[in-house]
Amino acid sequence: MVEHRTENATKGPSLEASDQQLITEFQCTGSKECLEELVTRHIATVRNLAFRISLCSMAADDITQEVFIRVIRNIASFRKDAQFSTWLHRITVNTTRTHLDRGARTQSLENTDESMFVGSAAGPDQLRIQSELTDATHNALARLPPKLRTAIVLTSMEGLSAQEAARVEACTLPTMYWRIHKARKLLKGWLKRELEP
Amino acid sequence: MNDSDEKLDSLLRSWSQNHSVSEKHLNVLIRQVVDNTVSANNASVQLKAPYRADRRLIFACFAVAASLLLGTVIWFKLGDGNADQLAEKLPSDKGAWLELVGRQSQLLNEYQNLFGDEVAWIAESEQLSDVGLRTRSSAEKSSESRYLVIRLRVQARQTTGGDWNDVQFVNLLVEEQQLVQIPAMASLAGPLTLWTYPLGDNLVAVDLECHFESESRGSIESDSILHLGDSVRVGTFKRDGVEYRLDQTIDFVTRDDVG
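Computed from a predicted structure; not experimentally measured.

Novice: Hey, could you run me through the overall build of chain B in this one?
Specialist: Scanning chain B from terminus to terminus reveals 5 helices and 11 strands. Expressed as a percentage of the 259 residues in chain B, the buried residues total 43%. Once local pairs closer than 6 in sequence are excluded, the contacts in chain B between residues at least 24 apart make up 49%. Put simply, chain B shows about 14400 Å² of open surface, and 50% of that area lies on carbon and sulfur atoms.

Okay, here's the thing in structure tokens:
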């Protein structure tokens, strides 16, 4: 998570303020610092999730922007007894799905700006093998239907339980189990060579 | 979780780590997001549309044309009994099937009297019944939720030929979209996994994994789209000089039947 603080600490928001308090404060006073604190807290989660489902860096940036505007505008629909992270995941997933429905295409790795990613510190040989694995994994994920891709991203990459993923997707738990099972089965088939010992 | 599951997870985690957004890019993005959100909030205007209005119109026209084309293809496919998407249809005894559906709806009534709305599925085979109850976490039953009757029929014959003989019948009552996982089914003696998804137009998608761990030691996996009431062959396999086949029939138990 990137640290980003305002110059005038005395006027800045309390680091212990809840996400909802930051949003309310921003809505009432227009405090840019409150918004900045909220964005800084959650932008990595939103951007990474948007990329993992859309598989497109440019789209992920646009989606991230749209998610925060939706969060500010729709805070009234957030139930206080619910978890903010679940709500944020849901908005991100829905916004990404809408983006995909608009006809956006997933991006091939050749067109990706590598400076956008963390990357790794591996040697040349390792990098070549890693690149082959990355390409194969990326292509396999791109072949998955969006709902199955979302299920595997939420559980295997974001670390959500099947129950939490079902809440994000607003579907029943058995349906989420089935989507995970189906996604894993398809990925194992497509990545057979890469999964061999 | 088995070895291949762990390897797949490791591959996915490695891919996601390599594609986590860099700190440099994130700093730029934070600035943009904050500035644009402040502007959007002040002006109370929508985020600029990603497509111009005329392009939207063109896309809408394409979407309508594609829907009409797709609808026509589906119409012809459904009219064709040998369509690739639909599994092979078989002749079926409609009278016996309707009798079974009626009997299953009575059975569901009896179980619901005992367990209320907690019944997720019931499996009957050779005088034995397995009942799956809804777990606490999935207890959000929709009032629109329906139950389906599914009959699985396993037949066998020598690979040299001869008549097909019934080996096993399994009758299932399943709430739509419920995942059914039965560890071992009577003489099938192997795990059975099944999931249904109603598609509308009297079509239901059914995913099935049926393992036979007794003398037959085989398995059938299928993803099929079934028409209500049609008996469909979903898989075959040969083992030790014997050929096995599995037929599947599906229908709804209506809410009126359940009463």
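Novice: For this particular structure, what's the right way to read the sheet that holds strand 7 (residues 192–200) of chain B?
Specialist: By definition, the strands of a sheet pair up through backbone hydrogen bonds, in either a parallel or an antiparallel sense. Taken together, 4 strands build an open sheet; the order of strands is 6-7-8-9 (chain B) and the sheet is antiparallel. Pairing within the sheet leaves two strands with one partner each, and these edge strands are strand 6 (180–182) and strand 9 (218–227) of chain B. Between one strand and the next, the sheet's axes are offset by a mean angle of 10°, whatever the strand orientation. Strands strand 7, strand 8 (203–212) and strand 9 of chain B of the sheet are contacted by helix 8 (residues 173–190) of chain A, whose axis makes an angle of about 65° with strand 8 of chain B.

Novice: Quick question: what am I supposed to make of empty space enclosed by the protein here?
Specialist: Space left empty within the atom packing is revealed by a probe, the size of a water molecule, rolled over the atoms. According to the stated counting rule, one finds 3 cavities of 30 Å³ or more in the structure shown. Approximately 80 Å³ is the volume attributed to the largest cavity. Residue lining of the largest cavity: Trp178, His181, Lys182 and Lys185 of chain A together with Leu179, Thr193, Leu194, Trp195, Asp207, Leu208, Glu209 and Asp223 of chain B, and that is the complete set. Going through the elements one at a time, helix 8 of chain A together with strand 7 and strand 8 of chain B are the ones with two or more residues in the lining of the largest cavity. Tallying contributions element by element places helix 8 of chain A first for the lining of the largest cavity, with 4 residues.

Novice: Where do I start with the pattern of salt bridges in this structure?
Specialist: If the charged atoms of two oppositely charged side chains come close together, the side chains can form a pair. Following the criterion strictly, the structure yields 20 salt bridges over all chains and no others. As a salt-bridge pair, Arg184 of chain A and Asp9 of chain B come within 3.2 Å of each other at their nearest N and O atoms. Placement of Arg184 of chain A in helix 8 and of Asp9 of chain B in helix 1 (residues 3–18) is noted, with the two residues assigned to different chains. Within the structure, one salt-bridge network assembled from shared partners comprises Arg184 and Lys188 of chain A together with Asp5 and Asp9 of chain B.

Novice: Looking at this structure, how should I read the nonpolar core?
Specialist: The nonpolar side chains of a soluble globular protein tend to be buried with one another. With 69 residues, the main nonpolar core has Val71 and Leu141 of chain A as its most contacted residues. Examining the composition of this core, we find that 11 residues originate from one element, helix 2 (residues 32–54) of chain A, more than from any other. For Val71 of chain A, the residues in contact, after removing those within four places along its chain, are Ile23, Leu38, Phe84, Trp87, Leu88 and Ile91 of chain A. Trp121, Ile150, Leu208 and Phe212 of chain B belong to the second largest nonpolar core, which has 31 residues in total.

Novice: Sorry, what's going on with the pairing of strand 5 (residues 161–175) of chain B here?
Specialist: Residues in a regular strand point their side chains to alternate faces of the sheet. Residue and element names in this part refer to chain B. Bridging between strand 2 (residues 119–125) and strand 5 involves 4 bridges; their strand directions are antiparallel. Bridging across to strand 5, Glu124 finds its partner in Asn171. Taken together, the 11 bridges between strand 4 (residues 147–158) and strand 5 define a ladder with antiparallel strand orientation. Bridge assignment links Val154 to a residue of strand 5, and that residue is Gln168. Taking the residues between adjacent antiparallel strands as the criterion, strand 4 and strand 5 are bridged by 2 residues.

Novice: Even after reading the chapter, I still don't get the interface of chain A and chain B, so can you show me in this structure?
Specialist: Accessible area lost on assembly of the parts is the figure often given for the size of an interface. Across the contact, 59 residues belong to chain A and 50 residues belong to chain B. Each partner contributes to the roughly 5100 Å² buried at the junction of chain A and chain B, and carbon and sulfur atoms together form 63% of this total. In this assembly, chain A and chain B are joined by 8 salt bridges. Taken together, the elements giving at least two residues each to the side of chain A that touches chain B come down to helix 2, helix 3 (57–73), helix 5 (124–143), helix 6 (146–157), helix 8 and helix 9 (192–195) of chain A. Partitioned by chemical class, the residues of the side of chain A that touches chain B number 28 nonpolar, 17 polar and 14 charged.

Novice: Just to check I follow, could you spell out a nonpolar patch on the surface for this structure?
Specialist: Residues and elements named next belong to chain B. Residues Leu114, Phe115, Val131 and Leu133 make up a contiguous nonpolar surface patch of roughly 350 Å² in combined accessible area. Elements supplying a minimum of two residues to the nonpolar patch: helix 4 (94–115) and strand 3 (128–133). Relative to the assigned elements, Phe115 resides in helix 4.

Novice: What should I look at first to understand helix 4 of chain B in this one?
Specialist: One turn of the α-helix equals 3.6 residues, which is why residues spaced by three or four share an orientation. Residues and elements named next belong to chain B. Between its terminal C-alpha atoms helix 4 stretches 31 Å, which fits the 32 Å expected from 22 residues at 1.5 Å a residue. Within helix 4 the residues assigned to the buried category are Trp97, Leu100, Val101, Gln104, Ser105, Leu107, Leu108, Tyr111 and Gln112. The first or second residue beyond helix 4 is Gly116, which carries a positive phi of 65°.

Novice: Before we go on, may I ask you to explain the packing of aromatic side chains in this structure?
Specialist: The geometry of an aromatic ring pair is captured by the separation of the ring centres together with the interplanar angle, meaning the angle of the planes. Residue and element names in this part refer to chain B. One pass over the full model with this rule turns up 3 aromatic pairs over all chains. Between Phe237 and Tyr244, the ring centres sit 5.0 Å apart and the planes meet at 15°, which makes this aromatic pair stacked. One exposure class covers both Phe237 and Tyr244, and it is buried.

Each value, and the rule that gives it
Residues numbered from 1 in each chain as written. Chains lettered and ligands numbered in written order. Predicted model: local features only at pLDDT ≥ 70, side-chain atom pairs only at ≥ 80, totals over all residues. Heavy atoms only, no water. Helix = DSSP H or I, 4+ residues; strand = E, 2+ residues; numbered from the N terminus. Buried < 20%, exposed > 50% of the residue type's maximum accessible area, 1.4 Å probe, protein only. Contact = heavy atoms within 4.5 Å. Areas by Shrake-Rupley, 256 points an atom, 1.4 Å probe, with all protein chains shown as cover. Pairing = 2+ DSSP bridges. Axes fitted to C-alpha atoms, helices over the stretch in contact; angles between N-to-C directions. 1 Å grid on protein atoms, 1.4 Å probe; cavity = no way out; pocket = protein on both sides within 12 Å on 5 of 7 lines; lining within 4 Å. Points joined across faces, edges and corners; volume = space filled by probe spheres on them. Salt bridge = Lys/Arg side-chain N within 4 Å of Asp/Glu carboxyl O. Core = buried A, V, L, I, M, F, W, Y, C linked by side-chain atoms within 4.5 Å. Buried area = accessible area lost by both parts, 1.4 Å probe. Nonpolar A, V, L, I, M, F, W, Y, C, P; charged D, E, K, R; others polar. Patch = residues over 30% accessible without salt bridge, like charges linked within 9 Å, V, L, I, M, F, W, Y side chains within 5 Å. Expected span 1.5 Å × (residues − 1). Phe/Tyr/Trp six-rings, centres within 6.5 Å; stacked < 30°, edge-to-face > 60°.

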